[in-house]
Amino acid sequence: GAVKLPDGRVRLPDGTLLEPKADGSVAMPDGSVLLPNGTLRQPDGSILLPNGAVKLPDGRVRLPDGSLVGPNADGTVAMPDGTVLYPNGYLQMPDGTVLLPNGCVKLPDGR
């Protein structure tokens, strides 16, 4: 598959290099958009999360096993693996690391 390089470019399997836009996102040939935090927005509005789950346009999340998890009253989606997706796009991983929509990563120790 495609590989994201440290400088933000993406190398496709055929060797083609895709340059990031000013916001750090990369438009993929299939119409999807690779966001700076590693998530992949599909043309239908769904978002492939780093843990293999898919956030659907209606706010629910389809887990890798095919089951669906709906948002809580506050809009968060808590997944069985401990990952929490917030309405603002923040993704908190089980180890406490937070992936921000702009591509930044906040480590559990605050760095």
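Residues numbered from 1 in each chain as written. Predicted model: local features only at pLDDT ≥ 70, side-chain atom pairs only at ≥ 80, totals over all residues. Heavy atoms only, no water.

(A) Fine view of the overall build of the protein chain. What the protein chain contains, in helices and strands, is 0 helices and 15 strands. Counting only C-alpha atoms and orienting by the principal axes, one finds that the protein chain spans roughly 45 × 35 × 25 Å. Counting only residues that meet the buried cut, the protein chain has 34% of its 111 residues in that class. The contacts in the protein chain between residues at least 6 apart in sequence include a share of 13% that link residues at least 24 apart. Of the roughly 6,400 Å² that the protein chain leaves accessible, carbon and sulfur atoms contribute 56%. Distance between charge centroids for the protein chain: 3 Å, based on 10 positive and 12 negative side chains. (Helix = DSSP H or I, 4+ residues; strand = E, 2+ residues; numbered from the N terminus. Buried < 20%, exposed > 50% of the residue type's maximum accessible area, 1.4 Å probe, protein only. Contact = heavy atoms within 4.5 Å. Areas by Shrake-Rupley, 256 points an atom, 1.4 Å probe, with all protein chains shown as cover. Lys, Arg positive; Asp, Glu negative; His and termini not counted. Charge placed at Lys NZ, Arg CZ, Asp CG, Glu CD.)

(B) Geometry of the sheet that holds strand E5 (residues 33–34). Sheet architecture is open: 7 strands sit in the order E4-E5-E6-E7-E8-E9-E10, paired in antiparallel fashion. Whereas interior strands pair on both sides, the edge strands pair on one side only; in this sheet they are strand E4 (26–27) and strand E10 (68–69). Of the strand pairs in this sheet, strand E6 (residues 40–41) and strand E7 (residues 47–48) are connected by 2 bridges, and their pairing is antiparallel. Across the sheet, Leu40 pairs through a bridge with Leu48, a residue of E7. (Pairing = 2+ DSSP bridges.)

(C) Structural view of the sheet that holds strand E11 (residues 77–78). Spatial ordering of the open sheet is given by E11-E12-E13-E14-E15, a layout of 5 strands whose pairing is antiparallel. Both outer strands of the open sheet, E11 and strand E15 (105–106), are each paired with one neighbouring strand and no more. Sheet topology note: the strand E13 (residues 91–92)/strand E14 (residues 98–99) ladder contains 2 bridges and is antiparallel. Paired with Leu91 across the strands is Leu99, a residue of E14.

(D) Region of interest: the nonpolar core. Ile47, Leu49, Ala53, Val61, Leu63, Val69, Val77, Met79, Leu85, Leu91, Met93 and Leu99 together form the largest nonpolar core, which totals 12 residues. Counting 7 residues, the second-largest nonpolar core is a separate cluster that includes Val10, Leu18, Val26 and Leu40. (Core = buried A, V, L, I, M, F, W, Y, C linked by side-chain atoms within 4.5 Å.)

(E) Examining the pattern of salt bridges more closely. Applying the stated criterion across every chain, the model contains 2 salt bridges. Between Arg9 and Asp7 there is a salt bridge, with the nearest N and O atoms lying 2.7 Å from each other. On the accessibility criterion, Arg9 (23% relative accessible area) is partly exposed. On the basis of relative accessibility, which here comes to 47%, the residue Asp7 falls in the partly exposed class. Note that Arg60 is salt-bridged to Asp58, the shortest N-O span being 2.8 Å. Given the relative accessible area of 48%, Asp58 is considered partly exposed. (Salt bridge = Lys/Arg side-chain N within 4 Å of Asp/Glu carboxyl O.)

In short, geometric facts, not functional conclusions.
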